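# Residue-level structural notes
Here are the chains, one letter per residue:
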Amino acid sequence: MEKRQEESYKPKRSNLVQWIATFTVFLLMLQMGIGIGWASPNNARLLSEDSPIQATPSNVSWMTSLVSIGSAVGAVLTGVLIEYVGTRRTNIISLMMMGISWTCLLLANSIMWIYVSRLIFGIAAVILFCCFSMYLGEVSDPRIRGTLIAFGAIGNPVGIVMGIVTETYLNMTVTSSIYLTLTIMNILLFFWLDDSPYYLVKKGYKEAAQVSLAFYRGASSEKELKEIMNFVENSEGFKDKLKKLKLSVVRKSIFVIMLVFALPQLGGYMNVMFYMEIILKSAKFEALKPEECVIYANIITVIAAFSTFPLIDKLGRRFLLIISSVGTAIALFALGLHFYLVTLGHDAKALQWLPITSLVVYLIAYPIGYGSVPGVLLSEMFPENIKSIAVCAASLSASSSGFLVVKAYQPIIDLAGEAYAFWIHSILSIVGVPCTLFLIMETKGKSFREIQDKLSTK
């Protein structure tokens, strides 16, 4: 009987709907990437004398930091929203917030409008960053779950390129209108999709869950539905969930996911993305216009992301994390070396190949593991009854570490110089190697139940 039920699964139909859902998530992550890419050209533009909105270095620092402050607020909201409205509707809410952020930029005639926009963007970004992988994890077949999540995550680097290009060549009114239109289209796509079967079972809607399972997988079986029901049947109240933190396996899993989300931030991702154009100018790079180099470098990132996303279900999560850790550490060390050699009196023009090469290597290495694996692990490592707490912990870890490195960046440069700022990031990035080897288990190809069983025996 079970064999017949398994044979009722139709891969082609299943893959089609799941890929439509993945494309919708791709557009969601595109919004996040646009918001990140927005910063580099605008941070430089707002500091120029001919900017219609004048800003000081302190204003730019706060614009950058407000994204992390908003992320801390979003971290708390994420867990609550996922708990009560599910992952699909949480994604819709994050898009509505993103729409408000673009509207603020559309109306901006002073630095305060930009402050508000970046704060709201930070709230929305951390919600969608933590929620997108959970949504895809709940609706996808375990055999291709990692690939779908990795593909959805590629929307981030694509959005970064889009944000950099549009903000470099178009005015803020035009670009904000484009982004707002994309947001509305994205919301409409999410309204067409169903809630995940896990959320519907959790709310007691068994028949709706079976319909949702058939919608996403092409066919549903009693076996699959029973597995989902068994997985979520122990859902508890918030106080009971907090009691779960007393279990060593839960505490370890929470610690690991917080670490995985903090490492990319400690490795300098936000500083590299937000200050890339300023970094190239400080490095006295003159071979091309810095704003053009930023575009070309991020295009290479997109190519790398598309080339490597299928590897997550072939090579596994741990291997890709190690590649990202080593690659970003080497790139940051080389970038710091450039600034160090220049301070020793070496000709910056003769060394100008070094900063751009370092940034390109960083932007290739980052999406291989750091860009997708944290979201995949978040969707896989936790049972339904504590997933909202895990999301909150991961979000707080990413936002607090992001705020710390962004706010400390300029003071470290003022105190010790660019070389030491990037060397600190390099050391923090290489820490990811032992953390991955000794703390993170491989989840490739495993069902949620298999992952939980393995975590319980460790």
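Here's what I pulled together on the structure shown here. (Residues numbered from 1 in each chain as written. Predicted model: local features only at pLDDT ≥ 70, side-chain atom pairs only at ≥ 80, totals over all residues. Heavy atoms only, no water.)

Here we come to the overall build of the protein chain. When its secondary structure is counted, the protein chain shows 21 helices and zero strands. For the protein chain, buried positions account for 59% of its 458 residues. In the form shown here, the protein chain has an accessible surface area of approximately 18,300 Å², with 67% of it arising from carbon and sulfur atoms. (Helix = DSSP H or I, 4+ residues; strand = E, 2+ residues; numbered from the N terminus. Buried < 20%, exposed > 50% of the residue type's maximum accessible area, 1.4 Å probe, protein only. Areas by Shrake-Rupley, 256 points an atom, 1.4 Å probe, with all protein chains shown as cover.)

The tally for this structure, following the rule as stated, stands at three salt bridges. Notably, a salt bridge pairs Arg88 with Asp195, separated by 3.0 Å at the nearest N-O pair. Here Asp195 lies in the loop between α7 (172-192) and α8 (197-202) and Arg88 lies in helix α3 (residues 57-107), a separation of 107 residues in the sequence. Across this residue pair, the class does not change: Arg88 and Asp195 are buried. Its salt-bridge partner being Lys281, residue Glu277 comes within 3.5 Å of it at the nearest N-O pair. Of the two residues, Glu277 and Lys281 are both situated in helix α13 (residues 269-282); the distance of four residues between them amounts to about one turn of the helix. When its relative accessible area of 45% is taken as the criterion, Lys281 is described as partly exposed. What emerges from the salt-bridge pattern is a single network uniting Arg88, Arg89 and Asp195. (Salt bridge = Lys/Arg side-chain N within 4 Å of Asp/Glu carboxyl O.)

For Leu105, the location among the structural elements is in helix α3. According to the relative accessible area criterion, Leu105 is buried, its value standing at 1%. When the C-alpha positions of Leu105 and Ser117 are compared, they lie 6.4 Å apart, and in sequence the two are twelve residues distant. Setting aside residues up to four positions removed in sequence, Leu105 forms contacts with Trp38, Ile114, Ser117, Met172 and Ser176. (Contact = heavy atoms within 4.5 Å.)

Counted by the stated rule, this structure contains 17 aromatic pairs. The interplanar angle of 25 degrees and the centroid separation of 5.9 Å between the aromatic rings of Phe333 and Trp423 together place this pair among those described as stacked. You can see Phe333 sitting in helix α15 (residues 317-343) and its partner Trp423 sitting in helix α19 (residues 418-430), a full 90 residues away along the chain. For Phe333, a relative accessible area of 44% corresponds to the partly exposed category. Residues Tyr362 and Tyr366 carry aromatic rings whose centres are separated by 6.3 Å and whose planes lie at 20 degrees to one another, so their mutual orientation is stacked. Pair noted here: Tyr362 and Tyr366 are both in helix α16 (residues 353-369), with a separation of four residues, about one helical turn. (Phe/Tyr/Trp six-rings, centres within 6.5 Å; stacked < 30°, edge-to-face > 60°.)

Next up on the list: unusual backbone geometry. At Lys284, a position not held by glycine, the phi torsion is positive, near 60 degrees. Here Lys284 falls in the partly exposed class, since its relative accessible area comes to 48%.

Where nonpolar side chains cluster on the molecular surface, the patch consists of Val326, Ile330, Ile427, Ile430 and Val431 and spans about 410 Å² of accessible area. Those elements that provide at least two residues to the nonpolar patch are α15 and α19. Here Val431 shows up in the loop between α19 and α20 (432-439). Take Val431: its relative accessible area is 36%, and that puts it in the partly exposed class. (Patch = residues over 30% accessible without salt bridge, like charges linked within 9 Å, V, L, I, M, F, W, Y side chains within 5 Å.)

Attention now goes to the packing of α15 against helix α17 (residues 373-380). Axis separation between α15 and α17 bottoms out at 10 Å; the angle between their running directions is 150 degrees. When the axis of α15 is compared with that of α17, the two are roughly antiparallel. For the pair α15 and α17, the crossing hand works out as left-handed. Within the contact between the two elements, α15 uses Arg317, Leu320 and Leu321 and α17 uses Val373, Val376, Leu377 and Glu380. Taken together, the residues of the contact of α15 with α17 sort by class into five nonpolar, no polar and two charged. (Axes fitted to C-alpha atoms, helices over the stretch in contact; angles between N-to-C directions. Parallel < 35°, antiparallel > 145°, perpendicular 65-115°, else oblique. Left-handed = near helix turned anticlockwise from the far one by under 90°. Nonpolar A, V, L, I, M, F, W, Y, C, P; charged D, E, K, R; others polar.)

Next up on the list: helix α6 (residues 155-169). Here α6 is 15 residues long and its end C-alpha atoms lie 21 Å apart, about the 21 Å a rise of 1.5 Å per residue gives. Those residues of α6 that fall on the buried side of the exposure criterion are Gly155, Asn156, Pro157, Gly159, Ile160, Val161, Gly163, Ile164, Thr166 and Glu167. (Expected span 1.5 Å × (residues − 1).)

Residue placement: Leu280 occurs in helix α13. The exposure class of Leu280 is buried, given its relative accessible area of 0%. Beyond its immediate chain neighbours, meaning those up to four positions away, Leu280 contacts Phe285, Pro290, Cys293, Val294, Ile356 and Leu359.

A few words on the side chain of Asn43. Looking at where Asn43 falls in the secondary structure, it is placed in helix α2 (residues 11-46). You can call Asn43 buried: its relative accessible area is 1%. Sequence-distant contacts of Asn43, that is, excluding residues within four places in its chain, are made with Val60, Met63, Thr64, Phe274 and Ile278.

For the rest of this paragraph, the subject is the side chain of Ser196. Relative to the assigned elements, Ser196 resides in the loop between α7 and α8. With relative accessibility at 1%, the residue Ser196 sits in the buried group. There is a polar contact of 3.2 Å between the side chain of Ser196 and the backbone nitrogen of Tyr199. Each residue touching Ser196, except ones within four places of it in the same chain, is listed here: Thr87, Glu138, Val139 and Ser212. (Polar contact = N/O pair within 3.5 Å; in protein donor to acceptor, adjacent residues only side chain to side chain.)

With respect to the helices and strands, the residue Leu225 is situated in helix α10 (residues 222-232). Residue class for Leu225 comes out buried when judged on its relative accessible area of 0%. Each C-alpha atom, one on Leu225 and one on Val201, is 8.8 Å from the other, the two residues being 24 residues apart in sequence. Those residues in contact with Leu225 that lie beyond four places of it in its chain are Val201, Lys206, Ala209, Gln210 and Leu213.

Our focus in this paragraph is the nonpolar core. Grouped together as the largest cluster of nonpolar side chains are 125 residues, with contacts concentrated most on Ile114, Tyr135, Met273 and Leu378. Beyond its immediate sequence surroundings of up to four residues, Leu378 is in contact with Cys130, Met134, Ile257, Phe261, Ala390, Val391 and Ala394. Counting residues in each nonpolar core, the second largest holds eight residues, with Tyr198, Tyr199, Leu213 and Ile228 among its members. (Core = buried A, V, L, I, M, F, W, Y, C linked by side-chain atoms within 4.5 Å.)

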